[in-house]
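Structural overview for review
Listed below are the residues making up each chain.
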Number of protein chains: 2
Amino acid sequence: MTILLNNDGHWHDQWRRAIERYIPGRSVIEYPDVIDPAVIEYALIWKHPPGDLERYPNLRAVFSLGSGVDYIDAYPTLPDAPIYRLIDINMADDMALYTLYWVIHFQRQLGLYAHQQSQAEWRRYVTPLAPDYKVCVLGQGAIGGHIGQVLSRNGFDVYGWSRNPKSIEGVKLVSGETGLSTTLPEMDVVICCLPMTDKTRGIIDKNLLAQVKSGAAFINVSRGAVVNEPDLLDALDKGQLAGAALDVFVSEPLPADAPFWTHPKVYVTPHMSGATNPDTAVQIIAENMALIEKGGTPQYRYIREG
Amino acid sequence: MTILLNNDGHWHDQWRRAIERYIPGRSVIEYPDVIDPAVIEYALIWKHPPGDLERYPNLRAVFSLGSGVDYIDAYPTLPDAPIYRLIDINMADDMALYTLYWVIHFQRQLGLYAHQQSQAEWRRYVTPLAPDYKVCVLGQGAIGGHIGQVLSRNGFDVYGWSRNPKSIEGVKLVSGETGLSTTLPEMDVVICCLPMTDKTRGIIDKNLLAQVKSGAAFINVSRGAVVNEPDLLDALDKGQLAGAALDVFVSEPLPADAPFWTHPKVYVTPHMSGATNPDTAVQIIAENMALIEKGGTPQYRYIREG
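Just so it is clear, the model here is predicted, and its values are computed rather than measured.

**Notes on the interface of chain B and chain A**
- Taken together, the contacts link 50 residues of chain B with 50 residues of chain A.
- Between chain B and chain A, roughly 4,600 Å² of surface is buried when both sides are summed, and carbon and sulfur atoms account for 64% of that area.
- Interface area lost by chain B to chain A is led by Tyr101, Trp122 and Arg124 of chain B, which between them contribute 19%.
- Taken together, the connections running from chain B to chain A amount to two salt bridges.
- Close ionic contact of Asp94 of chain B with Arg108 of chain A constitutes a salt bridge, the shortest N to O distance being 3.8 Å.
- Viewed at the interface, chain A and chain B are joined by 20 residue pairs in polar contact (both at pLDDT 80 or more).
- At the level of elements, helix H3 (89-107), helix H4 (110-118), helix H5 (142-153) and strand E12 (266-268) of chain B are the ones that each hand at least two residues to the side of chain B that touches chain A.

**Re the sheet that holds strand E8 (residues 172-175) of chain B**
Residues and elements named next belong to chain B.
- Spatial strand order, E8-E7-E6-E9-E10-E11-E12: seven strands in an open sheet with parallel pairing. Each end of this open sheet is capped by a strand with a single partner; those strands are E8 and E12. Pairwise comparison of adjacent strand axes, ignoring direction, gives a mean angle of 15 degrees for this sheet.
- Pairing analysis gives five bridges linking strand E10 (residues 216-220) to strand E11 (residues 241-246), with the strands arranged parallel. The partner of Phe218 across the bridge, within E11, is Ala244.

**A short note on the packing of helix H1 (residues 12-22) of chain A against helix H9 (residues 278-293) of chain A**
Residue and element names in this part refer to chain A.
- Across the interface, H1 lies against H9 with an axial gap of 9 Å and an inter-helix angle of 40 degrees. Here H1 lies oblique to H9, going by the angle between them. In this structure, H1 crosses over H9, and the sense of that crossing is right-handed. In this structure, H1 uses Gln14, Trp15, Ala18, Ile19 and Tyr22 to contact H9, whose residues at the interface are Pro278, Asp279, Ala281, Val282, Gln283 and Ala286.
- In the contact of H1 with H9, the residues fall into eight nonpolar, two polar and one charged.

**Quick look at the relation of the copies chain B and chain A**
- When chain B is fitted onto chain A, the two copies agree to an RMSD of 0.0 Å after a turn of 180 degrees and an axial shift of 0.0 Å. The superposition of one copy onto the other is thereby described by a two-fold rotation axis. Residues of chain B ranked by C-alpha distance from the rotation axis are headed by Tyr101 of chain B, positioned 2.7 Å from it.

**Notes on the domain arrangement of chain A**
Residue and element names in this part refer to chain A.
- When its domains are assigned, chain A resolves into domain 1 (2-88 + 276-293) and domain 2 (89-268).
- Between the C-alpha centres of domain 1 and domain 2 the distance comes to 32 Å.
- Residue-level contacts link 11 residues of domain 1 with eight residues of domain 2.
- Taken together, both faces of the contact between domain 1 and domain 2 bury some 730 Å²; the carbon and sulfur share is 49%.
- If you sort the residues of domain 1 by the area they bury against domain 2, Ser67, Asp70 and Asp88 come out on top, with a joint share of 59%.
- Summed over the shared surface of domain 1 and domain 2, the result is one salt bridge.
- Across the salt bridge formed by Arg223 and Asp70, the nearest N and O atoms sit 2.8 Å from each other.
- Partitioning the side of domain 1 that touches domain 2 into residue classes produces three nonpolar, four polar and four charged.

**Here's the deal with the sheet that holds strand E12 (residues 266-268) of chain A**
All names here are of chain A.
- With parallel pairing, seven strands are arranged side by side in an open sheet as E8-E7-E6-E9-E10-E11-E12. Sheet topology places strand E8 (172-175) and E12 at the edges, where each strand pairs with a single neighbour. Geometrically, the sheet is characterised by an average inter-axis angle of 15 degrees between neighbouring strands, direction not taken into account.
- Helix H3 (residues 89-107) contacts strand E6 (134-138), strand E9 (189-192), strand E10 (216-220), strand E11 (241-246) and E12 of the sheet and is inclined by roughly 165 degrees relative to E10.

**Let's talk about the environment of Ala242 of chain B**
- By the element assignment, Ala242 of chain B lies in strand E11.
- On a C-alpha basis, the gap between Ala242 of chain B and Glu30 of chain B in space is 44 Å, while along the polypeptide they are 212 residues apart.

**Focus on H3 of chain B**
Residues and elements named next belong to chain B.
- Taking 1.5 Å as the rise per residue, H3 with 19 residues should run 27 Å; its terminal C-alpha atoms sit 26 Å apart, in good agreement.
- Across the 19 residues of H3, 16 count as buried, placing the element largely inside the fold.
- At the N-terminal boundary of H3, the capping side chain belongs to Asp88, with an oxygen 2.9 Å from the backbone nitrogen of Asn90.
- The positive-phi residue at the C-terminal boundary of H3 is Gln109, with phi of around 60 degrees.

**Things to note about the nonpolar core**
- Ranked by size, the top nonpolar core spans 68 residues in total, and within it Leu151 and Phe156 of chain A together with Leu151 and Phe156 of chain B carry the most contacts.
- Excluding its chain neighbours within four sequence positions, the residues that come into contact with Phe156 of chain B are Leu97 of chain A together with Leu100, Val103, Ile104, Gln107, Ala130, Tyr133, Val135 and Leu151 of chain B.
- With 40 residues, the next largest nonpolar core counts Ala18, Ile23, Leu44 and Ala281 of chain A among its residues.

**Remarks on the packing of aromatic side chains**
All names here are of chain A.
- As enumerated under the stated definition, the model contains 27 aromatic pairs over all chains in all.
- Measuring from ring centre to ring centre gives 6.2 Å for Tyr71 and Tyr75, while their planes differ by 80 degrees; the resulting arrangement is edge-to-face.
- A relative accessible area of 12% means that Tyr71 is categorised as buried.
- Using a relative accessible area of 4% as the deciding quantity, one classes Tyr75 as buried.
- Between Phe106 and Tyr267 the ring centres are 6.3 Å apart and the planes differ by 65 degrees, which places this aromatic pair in the edge-to-face class. Pair noted here: Phe106 is in helix H3 and Tyr267 is in strand E12, with a separation of 161 residues, a long-range link.

**Some remarks on empty space enclosed by the protein**
- Following the criterion strictly, the structure yields five cavities of 30 Å³ or more and no others.
- Size it by volume and the largest cavity reaches roughly 100 Å³.
- Taken together, Trp11, Asp94, Met272, Ala275, Thr276 and Asn277 of chain A together with Arg108, Tyr113, Tyr125, Val126, Thr127 and Leu129 of chain B make up the full set of residues lining the largest cavity.
- Across the lining of the largest cavity, the residue classes tally to seven nonpolar, three polar and two charged.
- In this structure, the second largest cavity spans a volume of roughly 80 Å³.
- Lining the second largest cavity, in full, are Arg108, Tyr113, Tyr125, Val126 and Thr127 of chain A together with Trp11, Asp94, Met272, Ala275, Thr276, Asn277 and Pro278 of chain B.
- For the lining of the second largest cavity, the residue count by class is seven nonpolar, three polar and two charged.

**Let's talk about the pattern of salt bridges**
Residue and element names in this part refer to chain A.
- Within the structure shown, the criterion is met by 22 salt bridges over all chains.
- Between Glu30 and Arg16 there is a salt bridge whose closest N-O contact spans 2.7 Å. A residue pair is termed long-range when its members are at least 10 positions apart, and Glu30 in strand E2 (residues 27-30) and Arg16 in helix H1 qualify at 14 residues.
- Among the residues examined, Arg16 registers a relative accessible area of 27% and is labelled partly exposed.
- Through salt bridges with shared partners, a single network forms among Glu41, Arg60 and Glu293.

Cut-off values and rules
- Residues take numbers from 1 onward in each chain, read along the sequence in its written order.
- Here the convention is simple: chains get letters from A, ligands get numbers from 1, in the order in which they are written.
- Selection of residues for local features in this predicted model requires a pLDDT of at least 70, selection of side-chain atom pairs for listing and counting requires 80 or more, and totals for whole chains, interfaces and linings are taken over all residues.
- Each side-chain value is worked out from all heavy atoms of the structure, with water and hydrogens disregarded.
- For this analysis, residues touch if any pair of their heavy atoms sits within 4.5 Å.
- Here the quantity called buried area is the total loss of accessible area, with a 1.4 Å probe, experienced by two parts when brought into contact, counted for both.
- Salt bridges are defined by distance alone: a side-chain nitrogen of Lys or Arg within 4 Å of a carboxyl oxygen of Asp or Glu.
- N or O atoms within 3.5 Å of each other form a polar contact, as long as, within protein, one can give a hydrogen and the other can take it, and as long as residues adjacent in sequence are counted only when both atoms are side-chain atoms.
- Strands here mean DSSP runs of E at least two residues long; helices mean DSSP runs of H or I at least four residues long; both are numbered from the N terminus.
- Being paired, for any two strands, means DSSP has found at least two bridges between them.
- As a rule, the C-alpha atoms of each element are fitted with a line to give its axis, helices using only the stretch in contact, and angles between N-to-C directions run from 0 to 180 degrees.
- Geometric relationships in this document are graded by angle, where less than 35 degrees denotes roughly parallel, more than 145 denotes roughly antiparallel, 65 to 115 denotes roughly perpendicular, and other angles denote oblique.
- Note: crossing handedness is left-handed where the near helix turns anticlockwise from the far helix by less than a right angle, and right-handed where it turns clockwise.
- Three classes are used: nonpolar for Ala, Val, Leu, Ile, Met, Phe, Trp, Tyr, Cys and Pro, charged for Asp, Glu, Lys and Arg, and polar for all others, with Gly counted as polar.
- The atoms used to superpose the copies are C-alpha atoms, taken from residues with pLDDT of at least 70 in both, and the fit is least squares.
- All domain edges in this entry derive from an automatic or database-based domain assignment.
- For a helix, the expected span equals 1.5 Å multiplied by the number of residues minus one.
- For every residue, the accessible area obtained with a 1.4 Å probe (protein chains only) is divided by the maximum for its type, and the residue is called buried under 20%, exposed over 50%, and partly exposed between those limits.
- As used here, the term nonpolar core means buried Ala, Val, Leu, Ile, Met, Phe, Trp, Tyr and Cys residues forming a set that is joined through side-chain atoms within 4.5 Å.
- Only Phe, Tyr and Trp rings take part, Trp by its six-membered ring, and two of them pair if their centres are within 6.5 Å. Stacked means planes under 30 degrees apart, edge-to-face means over 60, and tilted covers everything else.
- The rule is simple: put a 1 Å grid over the protein atoms alone, call a set of points where a 1.4 Å probe fits but cannot get out a cavity, call an open set with protein on both sides within 12 Å along at least five of seven lines a pocket, and count a residue as lining if it has an atom within 4 Å of a point.
- Grid points are joined across faces, edges and corners, and a volume is the space filled by probe spheres set on the points.

Here is the structure:
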């Protein structure tokens, strides 16, 4: 039984080691080094090129190595084999801690204190307590819901927005256009966890940003293309937003001449907020493969909408 | 009934407003503008000069505006009136979030990512998951115990050290010299929450730092003088410590020529990790005053040891 591996060129050594450890006795072929497509039974992929999965006649299942599936949404056709999303609670925890870090950063003015350090300036400020600090998580899927719960558990006043009404412990849920327009003007931080779909492309634009309280902060941990980047820069330059922590961008790797790198109000990280951990991911995939071998069906099968 | 106020010169407006709001109808005199010492019934103080409290013949109680009492420990004599420490869960929460922020910072390499931003460099790293990241909280008093619990609740592998054995939920407790020397070599982050006493002065010195795992980080939220600062700088320069987040220093405000300001591995904040919040603090003090007026005794009375 042979596994096709393609993690978009990242950390192949860690993936190979994890596969050897948790799925022992299987051959691994790294894309595109496939000589005989008939040997491939399973594919572990991330940002895999469209049309390739249809080349393997004995493919039994495809495991995406991340929770976001916008790259699969873009495939013109799908293989016959089922595709499974990776939902790893460790990754959701990672993203929640990353988000919490930036919420504390903005709440406690830690950017200002860092600037003061560069000036050898000792001066402190009264900052709002967590229960008086309002944060809104846009998107209440598996990741956004978990982030809201973690922020709430740490004392923040958390709102969650989704298109349709939901119920998540510790999060005040709002839905629809009206829910959004009444909530945004009250928020100290807006966190984007929206999935990337045709409906959400560019949804964070000048109209939405104009509703946000002046001086609020913005955090994006979902997909860059959910944001209209020129509108976001404009909101930062006009002072509508006091700061932004951005982990995702329309174009990744972020081009060297992108204005975000040097913007004084922007923190750039290289799409690392919820990096898939090879060890925990391969354990989940190994369990799912064993389930398939026994005739079972894993959770989180990818279903194309519409 | 008149209140003497002395918060070491900080935020007198906020304190006055909070007193007007939560203890209405009382006169407030700011130290040292006292003309008739006999009118003073209550004193709200922070870093108040030694010997002054004995001047007020009608003093009924003294409320410290912070949890640390090392400035009172240094008084050669104490007034007859009881002194109460301020234990405010909001402040403990604030300190826990501040500490959590720096733990995430070191765990996720956010200093390295900030440096990469300055170089427009897009590169990511596999970082340890929270359950695989070991942090030790030195000192398991009201604040240290709470910090340990919050870190544990957020998924970190938390150890707590105290001189005498204790039991705190979610924290693996170790005690004594042996407990310390077996724990330190395993830790990714060491957090100092020790109270400042004759026994702890300079306890974080080259002998202790030499036991810490090479490449670990250090966070200090208690008192600067618990640390031997030249030894700490030496451990940073030799690479024994990968970084330090310091909120407290032997000399505060930190002098402009102190090497910490410009050290590439050090984050300096101006003793703001658990700043007393005038609103919540005065509410606690107002309740305690009402209790005293009814003949009761508030919690957390300061008792001089030895």
